[in-house]
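Each chain is listed here by its residues.
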Amino acid sequence: MAKAKPGAKGAGGAPAAGGSGSGVPKGATAPADSFRSPVGCTGAQRGETEFAAWCAEEKVRFPSSRLDVLPDTGRALVASRNIKMGEAVVEVPDDAVLMADNCEIHTILEEYGMTKPADEEILEVQGLIIAVMYEKNLGSKSRWGPYLDLLPDDMTHMPLYWTRADFRELRGTAAYDKMLGRVQHPADAPTQVPMLWAEVIAPFIEEHPDLGLPGGERGYELYRWATCAVASYSFILGDDKYQAMVPVWDLLNHITGKVNVRLFHCPKRHVLQMIATRDIASGEELVNNYGELSNSELLRGYGFVEASNAHNHAQIPVSFVISAARDLLAEEAGGAGASRPAKRQRASASDGAAGNGAIEGAEEEGEEEDPVQRLVKERRRLAQRLGLFPQHHVFKVFAGRPPPAALTALIFTLLASPQQAADLAIQGRRASVAAARSVEASATGGRLKRSGKARRAARSEEEEEADDEAVAEAASKAAVEAASKVALAAAAAALGDGAAGRAAAVRMCRVYDALAERMLRRYGTSLQDDQALLPSYASLPPRRRAALLARLPEKEALAALRAALSGRPMAEQAAVLRASLASGPAAPGGKGAVASSKGAGAGAGEGKGGKGGEAEEKGKGKASGGKAGKGGKGKAGVADVAQAQGQDPFSFGFSL
Ligand SMILES: C[S@@+](CC[C@H](N)C(=O)[O-])C[C@H]1O[C@@H](n2cnc3c(N)ncnc32)[C@H](O)[C@@H]1O
């Protein structure tokens, strides 16, 4: 077994800051294509022999690979012979996975609403965490003992274990925001650990002394460890999204762009499989794909970073976009602060670049509320109905790519004139109703065609319900897409030639500039500070190195956004806005937008972005098989739709 060489790979030879590269300095000692994450690389662990025996007993098979410890990624699964594309490299019987629903205390967890279907997703995750704690605490008496023993004892690479000072190195990053739940909501389960321990886990342990789970500090430590294990080793299986620990599947590392397996469920044989997506030479690492994740996301969820990661991006919260637009509107309205009580004040409709009369009308209905504030509220609702709010309410901005279409369309919608807004509302609603009806009609037509009476009678109520759900979901998605396309088209039309088009571009670019500037100010250090740190990268403590590689690419993406949309000839900036809109369709959307033709235009509150959007987003990056498994209950209809939409029924770790 090859041994890791600790410290031998301080830095790789990835491109220096300024491009879409990692920011790891050039000229380091390691070969150009080699990089070892400063945190996260797992080492060897006792118990491999016992684990091998356990696998044999449980019929968990990985006949063409072996565990090894590699210099770049730490412990890994490595091909022990040449593997042909299409070969199953790992097989795990369904019942060898560990879930809240099949652990020894599943009936108790069920009483607490911590098994499927749980009232809240977070409780489902807590169910698995308690299951892991319980089984781990049973030691060799647990059916999963040898498996759990192979998980790393040391999880201190996960930011949940970082000191406050180390964690502050991440200030301003998506990892920091998400972990604290400050700008991005909800907070991660891992960072809610103290609260969840106090309110959910400790009372559970106290109420069940017979389970033998430790309380106090020991219990808390076990809980923290199990939380990290579930965060970085669990999978979400099937349409029903069972959160599960899948032995051996979880021994594969993630390397962006190097994935060579896909996940598959064989319902006939009841096994979860990993299938080679290409020929893999003996000695090569088997590589999974945890999703299209930036360094910030990898660090937050899995406790490691990459040197060169094409998925690096910055995350701009919708709330910041709204503030930036509100500031511009307030300024155009004559310096009215966003929270100042209303005075009658008008922006001139003929004021060219200074405004388009957006707040006209908004001020006429009420004297008390700040007209800008009220206008922004209305536009926010409109944008939401148009499906312009992204998954988790954050826009992803990549260096070297135009900003997301939905972001540009959102800015346009927030700044729109009263007439433009009214048109958007009407056209958006019409388009979404038509799109939803068309999906529903074709689903009904399809069912009529394929369902002879006998066949229909053979279908269970559950299958019918699943079909209905799938159609409703597809209709909702089509409705959202149609509405957001309307917004994209309207924004593109507003950017047309002539003075009005230029004025619109100037205003949108001003919002972009303010937004990027504000985002950049949120980090503890500037882009230049980080660039100046690069030459001493190798001498920094590991967590500081990891934090640098998480935040620098974010800053680069924001700086690139600013450079593209300010200080250049307006024609060039307008071209970037157009390219952004052309890169649509707008939003991953979500259930918060337009529901279906029945409820179209209802506006439906604060959409968190549908799960479908998330799955789709993750699925794109994965080598998902054409016929993915359903991981349990048969909901054929849902699976069909999921596949048609490119979703992947497997995802990794906590939902991001
Ligand atoms: C699902 S486990 C993969 C197996 C793990 N290496 C082990 O031996 O237990 C995920 C963990 O592996 C490590 N990991 C995965 N990919 C990595 C990479 N490219 N570089 C460094 N560590 C990685 C991180 O510690 C992460 O939390």
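Note that the coordinates shown come from a computational prediction; the quantities given were computed from them, not determined experimentally. (Residues numbered from 1 in each chain as written. Predicted model: local features only at pLDDT ≥ 70, side-chain atom pairs only at ≥ 80, totals over all residues. Heavy atoms only, no water.)

1. A few points about the overall build of the protein chain
When its secondary structure is counted, the protein chain shows 21 helices and 13 strands. In the protein chain, buried positions account for 56% of the 656 residues. If you take every contact in the protein chain between residues at least 6 apart in sequence, the share linking residues at least 24 apart comes to 73%. Entry remark: accessible area of the protein chain is about 26,900 Å², with carbon and sulfur atoms responsible for 53%. (Helix = DSSP H or I, 4+ residues; strand = E, 2+ residues; numbered from the N terminus. Buried < 20%, exposed > 50% of the residue type's maximum accessible area, 1.4 Å probe, protein only. Contact = heavy atoms within 4.5 Å. Areas by Shrake-Rupley, 256 points an atom, 1.4 Å probe, with all protein chains shown as cover.)

2. Remarks on the pattern of salt bridges
Scanning the entire structure with this criterion turns up 23 salt bridges. Salt-bridge contacts for Asp279 lead to Lys84; the nearest nitrogen and oxygen are separated by 3.8 Å. Here Asp279, found in the loop between β9 (271-276) and β10 (287-288), pairs with Lys84, found in the loop between β2 (74-79) and β3 (88-93); they are 195 residues apart in sequence, far enough to count as distant. Here Asp279 falls in the partly exposed class, since its relative accessible area comes to 43%. The network of salt bridges with common partners includes Glu169, Asp530, Arg544, Arg551 and Lys555. (Salt bridge = Lys/Arg side-chain N within 4 Å of Asp/Glu carboxyl O.)

3. Things to note about the packing of helix α3 (residues 121-138) against helix α8 (residues 216-233)
Packed helix pairs are specified by the crossing angle of their axes together with the interaxial distance, meaning the distance between the axes. Between α3 and α8, the least distance of the axes is 9 Å, while the angle of their chain directions is 120°. In terms of axis orientation, α3 runs oblique to α8. Considering how the two elements wind past one another, α3 and α8 form a crossing that is right-handed. For the pair α3 and α8, the contacting residues are Val125, Gln126, Leu128, Ile129, Val132, Met133, Lys136 and Asn137 in the first and Arg218, Gly219, Leu222, Tyr223, Trp225, Ala226, Thr227 and Val230 in the second. Considered class by class, the residues forming the contact of α3 with α8 number 10 nonpolar, four polar and two charged. (Axes fitted to C-alpha atoms, helices over the stretch in contact; angles between N-to-C directions. Parallel < 35°, antiparallel > 145°, perpendicular 65-115°, else oblique. Left-handed = near helix turned anticlockwise from the far one by under 90°. Nonpolar A, V, L, I, M, F, W, Y, C, P; charged D, E, K, R; others polar.)

4. Overview of helix α1 (residues 48-58)
What α1 keeps buried is the set Phe51, Trp54, Cys55 and Glu58. For α1, the arc enclosing every buried residue in end-on projection is 100°, short of the 170-degree limit, so these residues lie on one face. Relative to its buried face, α1 has exposed residues pointing more than 90 degrees away, namely Thr49, Ala56 and Glu57. Buried positions along α1 lie against β3 and α4 (145-150). Directly beyond the C-terminal end of α1, a positive phi value near 60° is found at Lys59. (Arc of directions from axis to C-beta.)

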